[in-house]
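Now for the letters of each chain:
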Amino acid sequence: MKAERHTTMDQQPTSTADEIRTAVAALLDTDPLTIAGDDNLVFLGLGSLDVMRLSSRWRREGLPVEFEVLVADPTVDGWARHIDAIRRDSGSSGDTTA
């Protein structure tokens, strides 16, 4: 399955995984390039409160992510699959990094 690409405010195409990686890296105060797609984000230091904050932010942006799905597979790849599925179902191409 190919990852979907979206356009950010500066009009650079960005994959969903890259958007998620950037958002998570900001919370962990680390370089996004150090987070692999299959890294367990909880083991990297992301807490359940951080996941709730991200899911709330994404919901405000129009992506009805499910907290339970995020915590069941706490990886960039897992979250990208979930968000891409939501976007496919809704026809949305919104940016998750705002």
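Residues numbered from 1 in each chain as written. Predicted model: local features only at pLDDT ≥ 70, side-chain atom pairs only at ≥ 80, totals over all residues. Heavy atoms only, no water.

Asks: Please explain the environment of Leu46 as it appears in this structure.
Replies: Mapped onto the elements of the fold, Leu46 is located in the loop between α1 (16-28) and α2 (48-60). Given a relative accessible area of 3%, Leu46 falls into the buried group. Residues Leu46 and Ala25, spaced 21 residues apart in sequence, show a C-alpha to C-alpha distance of 9.4 Å. Leave out the neighbours within four places in its chain, and Leu46 touches Val24, Leu27, Leu28, Leu41, Val51 and Trp79. (Helix = DSSP H or I, 4+ residues; strand = E, 2+ residues; numbered from the N terminus. Buried < 20%, exposed > 50% of the residue type's maximum accessible area, 1.4 Å probe, protein only. Contact = heavy atoms within 4.5 Å.)

Asks: Would you mind going over the pattern of salt bridges with me for this structure?
Replies: When the charged atoms of two side chains with opposite charge come close together, those side chains can pair. In the structure shown here, the tally under the stated rule is five salt bridges. A salt bridge links Arg57 to Glu61; the shortest N-O distance between them is 3.9 Å. The residue Asp73 makes a salt bridge to Arg81 at a minimum N-O spacing of 2.8 Å. Judged by its relative accessible area of 27%, Asp73 falls in the partly exposed class. (Salt bridge = Lys/Arg side-chain N within 4 Å of Asp/Glu carboxyl O.)

So yeah, pure geometry; function would need other evidence.
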